[in-house]
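Now for the letters of each chain:
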Amino acid sequence: MIPKNNAKNILYLSYNDGSDMRINKEVTTLSKFALVDFMGIGECQTNCFINITSVQKIFWTNANRKTVRGNLKYFSKAIWLLVTKKYHSIHVINETQLFILWPLLFIQKNVVVDVFDSIFLKKNYSGNKLQRIKQILYWPAKTIIVTDQNRYNLLPDSLKFKTNILPNYPFKFNQKSLKSTSNELTIIYFGWIGSKRGTETILRILDTGLPVKIIMAGWLADEESKQLIKHKNVTWYGTVSQAEAFQLAQAGNYILCVYAPIHENNINASPNKIFDAIQLQKPLIINREIVISKFVEDEEIGYILPKYSENNWMDIVLDLSKLKDSYTFKPSLIETYTWENVANKLLESHHL
């Protein structure tokens, strides 16, 4: 336990219900070296996987963040904390909070902005497009964090000097990876579950009529995905922690990791699923339009779909079944891509 009289205090503004894997890793790491106040929002605190014994306090907003009422409650509380308390540093997730809290962040000395779901990339404004607006928006930030070199390259040149790369690696998986015992092709579909991030692909696979099982867990983003979990070939586990997801994934042959190439945020995705797959030694299914698919192909750790759509799905499912036990994972990959190897980048950003 950190002695309270010596510890630095950090306000972690998640704008999330605490179930996000990256947020959990960051809070776990920061809590070892500082007293962390965690701010969360959600309709059910059960999904908040933040270890309440490791943080100093959880400031919870019991509301839907997609509603005006929910946002008013969350940001009123955030404003109160920023105005009334002095923190060693503030950790801000993504740009939405920057837009709303911008003037108040100047009150605090060290602001770290962690961008893994960029508004600008969703609108296809990468690099030096809207550079002046980005400079102003990020002005309160002493440090910007992005997930990989590719996303670093997509920042405006004027912000790169204060940007660190903190990859989306998982904690090292210290158990033996198990092979699926099912004769049927079994696909793991975890994470943010939406039409353009996997649901359309799963429906095309199921429409082939071939024997395929789907194991699903995560956050349902649209009506199409809510209907998918009712399919007879789908087993739905709700929102689970990373440890639980890893255990469920042991029963699968592949981890689905597809993104519709509809904007730069998807095309330049930096999914934790890539590195989860390495730890679990489970091959991925990924579409070629995504930049990181080149890494998957080079390392031979997954099946590359020719396109996000317009594929011969019957042949693809037969291919997946035939190749499911043919992938191997180099020990060097498993040892390299772990959170333990990069967590110091987070500590450096907070001057801990």
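As the structure is a prediction and not an experimental result, all values here were calculated from the model.

Throughout the structure, instances matching the rule amount to 14 aromatic pairs. Geometrically, the ring pair formed by F295 and Y337 is edge-to-face, given 5.6 Å between the ring centres and 85° between the ring planes. Taken together, the residues F295 in helix α12 (residues 293-299) and Y337 in the loop between α14 (331-336) and α15 (343-349) connect sequence positions 42 residues apart. Among the aromatic side chains, those forming a connected cluster through ring pairs are Y169, F275, F295 and Y337.

Glancing now at unusual backbone geometry. With the exception of glycine, most residues fall at negative phi, and the peptide bonds are largely trans. The phi angle at N124 is positive, at roughly 65°, despite the residue not being glycine. For N124, the position within the fold is in the loop between α4 (119-122) and α5 (131-137). On the basis of relative accessibility, which here comes to 32%, the residue N124 falls in the partly exposed class.

We now examine helix α1 (residues 21-30). Of all 10 residues in α1, 9 are buried, a share of seventy percent or more. All buried positions along α1 are accounted for by M21, R22, I23, N24, K25, E26, V27, T29 and L30. Among the residues of α1, the N-terminal cap falls to D20, whose side-chain oxygen and the backbone nitrogen of R22 are separated by 2.9 Å.

What follows is about the nonpolar core. Membership of the largest hydrophobic core comes to 79 residues, with the highest contact counts inside it found for I187 and I214. The greatest single-element share of this core, amounting to 6 residues, is contributed by strand β8 (residues 185-193). Counting residues in hydrophobic clusters, the runner-up holds 29 residues, among them Y74, F75, L101 and F120.

Before going further, it helps to spend a moment on the pairing of strand β13 (residues 302-305). Direction of pairing for strand β12 (residues 284-287) relative to β13: parallel, over a ladder of 4 bridges. The residue bridging I286 from the neighbouring strand is I304, located in β13. After leaving β12, the chain enters α12 and then returns to the sheet as β13, a path that is right-handed.

For the rest of this paragraph, the subject is the sheet that holds strand β10 (residues 234-236). The parallel open sheet is built from 6 strands, whose spatial order is β10-β9-β8-β11-β12-β13. Sheet topology places β10 and β13 at the edges, where each strand pairs with a single neighbour. Between one strand and the next, the sheet's axes are offset by a mean angle of 25°, whatever the strand orientation. Sheet topology note: the strand β11 (residues 254-256)/β12 ladder contains 2 bridges and is parallel. Residue pairing for β12: L256 is matched across the bridge by I285.

The next thing to look at is the environment of Y189. Take Y189: it is sitting in strand β8. Measuring from C-alpha to C-alpha, the distance between Y189 and C257 comes to 7.9 Å, with 68 residues separating the pair along the chain. Every residue in contact with Y189, bar those within four places of it in the chain, is listed here: G194, R197, G198, T199, I202, I214, I215, M216, A217, L228 and L256. Side-chain polar atoms of Y189 contact the backbone nitrogen of T199, separated by 2.8 Å.

Our next topic: the side chain of N168. Mapped onto the fold, N168 is located in the loop between β7 (163-165) and β8. Residue classification places N168 among the buried residues on the basis of a relative accessible area of 7%. Reaching out from N168, the side chain makes a polar contact with the side chain of R22 at a distance of 3.2 Å. Of the polar contacts made by the side chain of N168, one reaches the backbone oxygen of S270; its length is 3.1 Å. With near-sequence residues (within four places) excluded, N168 lies in contact with R22, K25, T147, S270, N272 and F275.

With that settled, the discussion passes to the sheet that holds strand β1 (residues 8-13). Reading across the sheet, the 7 strands line up as β3-β2-β1-β4-β5-β6-β7 and stay open at both edges, with parallel pairing between neighbours. At either margin of the open sheet sits one strand with a lone partner, and together these are β3 (57-62) and β7. Neighbouring strand axes in the sheet, compared pairwise and without regard to direction, differ in orientation by 20° on average. Pairing geometry for β1 and strand β2 (residues 34-42), over 6 bridges, is parallel. Within β2, the residue paired with I10 across the bridge is V36. Running at roughly 150° to β3, helix α2 (residues 68-84) makes contact with β1, β2, β3 and β4 (89-93) of the sheet. The strands touched by helix α3 (residues 94-105) are β1, β4 and β5 (111-114); relative to β4, the strand with the most contacts, the crossing angle is about 145°.

On to the environment of S19. As for its placement among the helices and strands, S19 is situated in the loop between β1 and α1. Looking at S19, the relative accessible area reads 0%, which means it is buried. On a C-alpha basis, the gap between S19 and T46 in space is 9.2 Å, while along the polypeptide they are 27 residues apart. Sequence-distant contacts of S19, defined by excluding residues within four places in its chain, comprise N24, N47, F49, W219 and T239. A distance of 2.6 Å separates the side chain of S19 from the side chain of W219, its partner in a polar contact.

Rules used in this analysis
- Residues numbered from 1 in each chain as written.
- Predicted model: local features only at pLDDT ≥ 70, side-chain atom pairs only at ≥ 80, totals over all residues.
- Heavy atoms only, no water.
- Phe/Tyr/Trp six-rings, centres within 6.5 Å; stacked < 30°, edge-to-face > 60°.
- Helix = DSSP H or I, 4+ residues; strand = E, 2+ residues; numbered from the N terminus.
- Buried < 20%, exposed > 50% of the residue type's maximum accessible area, 1.4 Å probe, protein only.
- Polar contact = N/O pair within 3.5 Å; in protein donor to acceptor, adjacent residues only side chain to side chain.
- Core = buried A, V, L, I, M, F, W, Y, C linked by side-chain atoms within 4.5 Å.
- Pairing = 2+ DSSP bridges.
- Right-handed = clockwise from strand over helix to strand, strands pointing away.
- Axes fitted to C-alpha atoms, helices over the stretch in contact; angles between N-to-C directions.
- Contact = heavy atoms within 4.5 Å.

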